[in-house]
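Given next are the chains, with one letter for each unit.
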Amino acid sequence: MMTAAAAALLLLQQVPAEGTDWDAEFGVELKQRDPVTGELPVDPFHQSNANAGAVPYDSARLVHDFGGREGIARIAARTVELSEADPRIAAIFAAHDTVRLKRTLSEQFCYLLGAGCDYTGRDMKTSHNGMGVTKADMNALVENLQAAMREEGVPFAAQNRLLAKLAPMSGDVVEP
Amino acid sequence: MTMHCSCLLVLSQMALGLTEVPSSPPSAPPPSIAYAPVLDADGDAYAQPMIAALPLTHSTEATRRALQSVTATNAFSEDGGGLRLGKVRLLKGGKLLLTNGVTTVEGSSGGGIARWATIAGRQMPGGIGLSNHATAIELPDFGWRSFGVAVGFGDRLELSYSHADFNTRDAGALLGIGQDYTFNLDTYGAKLRVAGDVVYGDPWMPQIAIGIEHKRSGDGALVRALGAAEVNGTDYTLSATKLLLAQSLLINGTLRYTKSNALGLLGFGSADDGYKLQFEGTLGYQLSRRAVVGAEYRTKPDNLDLGASPAWMDIFAAYALTDHLTVTAAYVDLGSIATFSNQRGGFLSAQVAF
Ligand code: HEM
């Protein structure tokens, strides 16, 4: 008899209204991609070229070796693509905004190589905070960047000069 | 049971305001379970759970690794190869090419004749790696063959063993120790990285390692007759190694506190000479991810007063044919050995590392 009563009560329950905004109901903030750039918004931060993490080179030769700004942009985008497809580190990229990353990484490379861009992204510590990146992940990313630079025909010594700017940042990226 | 259910149906219909309780006609199938019509009402919608099961995405790699089951049902891991022993990765690799160095004549990760601060094997922190090598040196009057194995624990510790045969060929007869007399040497090495990283971090902060090499000559009576004080001996080393990316240069320096005579082939020390501080260095230029060329220099004592030259030198080229196989070819100048001068020749070494 008790079961019967309970079932009756159950049937009396109101079905929640169609189209309930569950995210709002549970306090989940939905980020909207920017309709123009396709990027997700990030928390406010102080914008500065210092966020790029190193002092740029000043060498027209080096910029030329990288195929100018277009070459650099292709290398940055390709590095992200290769990493998204790399089973070793894909999981780390899956949960992040790689649309933005392609742009900001390209800006960072462009700035560091002295190709005349400003870096508008966050500093390395903030961008990788809590990501759990290991040295093995770092090596995987370096290999993908090397592959991207090879595809673009960047001479090896020039490749190493970019890596020379990035390698010291590992302390801010890799979780101890 | 049937009673219960029909009564439930009745109750619910009453609650919904269907006051007219129909006396179920005999033709109609007896209602079996009350909620069946509700479930059926929307067919497919209920075939799927209301909320699609979200795959558990652990926010960070670290969390994912921490949550990994300790005992793998299958030792062959699914992600990235290698074996697994609990949480320890065996032979999984992960190092950048050539950053495990090649193998020295004493079986340590390094250049051909100079020890480096690098750790043998391709493992990353938390992993265990393995490195094997075979080396041959052909000189005008002597021949060297060595082989060995090294185990690397993370980026921290290297344990190595190497065995060397040094064939005196015709020189043996001339020296009165017999044609083709072959000296034997076993080297047990240990190396501990104490600071720094060969690639990452501050460009002026090298990877620094301390180590020992315990050597045991297999020719006790003979090396004593030649004047050596001991048959076994231990070298102590302090190494610093860095890849200067901006210049594509690999720089290495090692201080060795040793009493070895010709690496220990001719025993250790003498009546009036013991430990001395020696230096060995490497300068390499990285041509590509896979290729490096360079030169090495290593000073050594002449405890036995055999007129041995004060230093060995070589120029080398190392090439990583695959992620695992590295070959090294060098031109070595070992100066004067046991009164035979101008010992210059070829060095060839193969290393297989995981
Ligand atoms: C020194 C090496 C590295 C450099 C110079 C670097 C550079 C950058 C830059 C410039 C950003 C963009 C920051 C922004 O948009 O505000 C970024 C974000 C990111 N990086 Fe790295 N990175 C490095 C290593 C790594 C590694 C090893 C991984 C993982 C394998 C990684 C994964 C990511 C991800 C997933 C983001 C997106 C963060 C987000 O927008 O939520 N990075 N990195």
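Read on for a plain summary of the structure.

Rules used throughout
Residues numbered from 1 in each chain as written. Chains lettered and ligands numbered in written order. Predicted model: local features only at pLDDT ≥ 70, side-chain atom pairs only at ≥ 80, totals over all residues. Heavy atoms only, no water. Helix = DSSP H or I, 4+ residues; strand = E, 2+ residues; numbered from the N terminus. Buried < 20%, exposed > 50% of the residue type's maximum accessible area, 1.4 Å probe, protein only. Donors = N, O, S within 2.8 Å, 3.2 Å for Na, K, Ca; no water. Phe/Tyr/Trp six-rings, centres within 6.5 Å; stacked < 30°, edge-to-face > 60°. Axes fitted to C-alpha atoms, helices over the stretch in contact; angles between N-to-C directions. Left-handed = near helix turned anticlockwise from the far one by under 90°. Contact = heavy atoms within 4.5 Å. Nonpolar A, V, L, I, M, F, W, Y, C, P; charged D, E, K, R; others polar. Polar contact = N/O pair within 3.5 Å; in protein donor to acceptor, adjacent residues only side chain to side chain. Near = heavy atom within 4 Å. Disulfide = S-S within 2.5 Å.

So, on to unusual backbone geometry. All names here are of chain B. Of note in this structure, arginine 169 is not a glycine but carries a positive phi near 50 degrees. Tracing the backbone through its elements, the reader meets arginine 169 in helix α4 (residues 169–175). By relative accessible area, which is 23% here, arginine 169 ends up partly exposed. Phi is positive for aspartate 180, close to 60 degrees, though the residue is something other than glycine.

On to the coordination of the iron atom of the ligand, then. If you check the protein contacts of the iron atom of the ligand, you find one donor only, A:His128 (NE2), at 1.9 Å. With respect to the element layout, A:His128 can be found in the loop between α7 (124–127) and α8 (135–151).

So, on to the packing of aromatic side chains. In this description, an aromatic ring pair is defined by two values, namely the gap between the centres and the angle between the planes. All names here are of chain B. All told, the structure shown has seven aromatic pairs over all chains when counted by the stated rule. Taken together, a centroid distance of 5.0 Å and an interplanar angle of 20 degrees make the contact between phenylalanine 142 and phenylalanine 166 stacked. Here phenylalanine 142 is found in the loop between β5 (127–138) and β6 (143–153), whereas its partner phenylalanine 166 is found in strand β7 (residues 157–167), with 24 residues between them in sequence. As far as the burial class goes, phenylalanine 142 and phenylalanine 166 line up, both buried.

To continue, consider the packing of α8(A) against helix α9 (residues 156–166) of chain A. Residues and elements named next belong to chain A. Packing of α8 against α9 brings their axes to within 10 Å, and their N-to-C directions diverge by 145 degrees. Two packed elements cross with a definite hand, and for α8 against α9 that hand is right-handed. Counting all contacts with α8, which are made through Val142, Leu145, Gln146, Met149 and Arg150, the residues of α9 involved are Phe156, Gln159, Leu162, Leu163 and Leu166. Residues belonging to the contact of α8 with α9 are distributed by class as follows: seven nonpolar, two polar and one charged.

With that out of the way, let us pick up the side chain of B:Ser146. Residues and elements named next belong to chain B. Note on placement: serine 146 falls in strand β6. Looking at serine 146, the relative accessible area reads 4%, which means it is buried. A polar side-chain atom of serine 146 sits 3.0 Å from a polar atom in the side chain of tryptophan 144.

Before going further, it helps to examine the site of the ligand. All names here are of chain A. As a matter of local geometry, the ligand sits amid 23 residues, with His96, Arg100, Thr104, Arg122 and His128 nearest to it. A distance of 2.8 Å is found between an oxygen atom of the ligand and a side-chain nitrogen or oxygen belonging to arginine 100. Between the ligand and histidine 128 there is a distance of 2.7 Å, counted from a nitrogen atom to a side-chain nitrogen or oxygen. Where the shell around the ligand is concerned, the elements lending two or more residues are α5 (90–94), α6 (98–112), α7 and α8. A total of five residues in the shell around the ligand trace back to one element, the largest contributor, which is α6. When its residues are assigned to classes, the shell around the ligand shows 14 nonpolar, six polar and three charged.

Attention now moves to the state of the cysteines. Residues and elements named next belong to chain A. The final tally for this structure, using the stated rule, is one disulfide over all chains. With a sulfur-sulfur separation of 1.9 Å, cysteine 110 is cross-linked through a disulfide to cysteine 117. Here the S-S torsion is close to 70 degrees, and the disulfide linking cysteine 110 with cysteine 117 is therefore right-handed. Classification of cysteine 110 by relative accessible area gives buried; the value is 2%. Relative accessible area serves as the criterion here: at 19%, cysteine 117 is assigned to the buried category.

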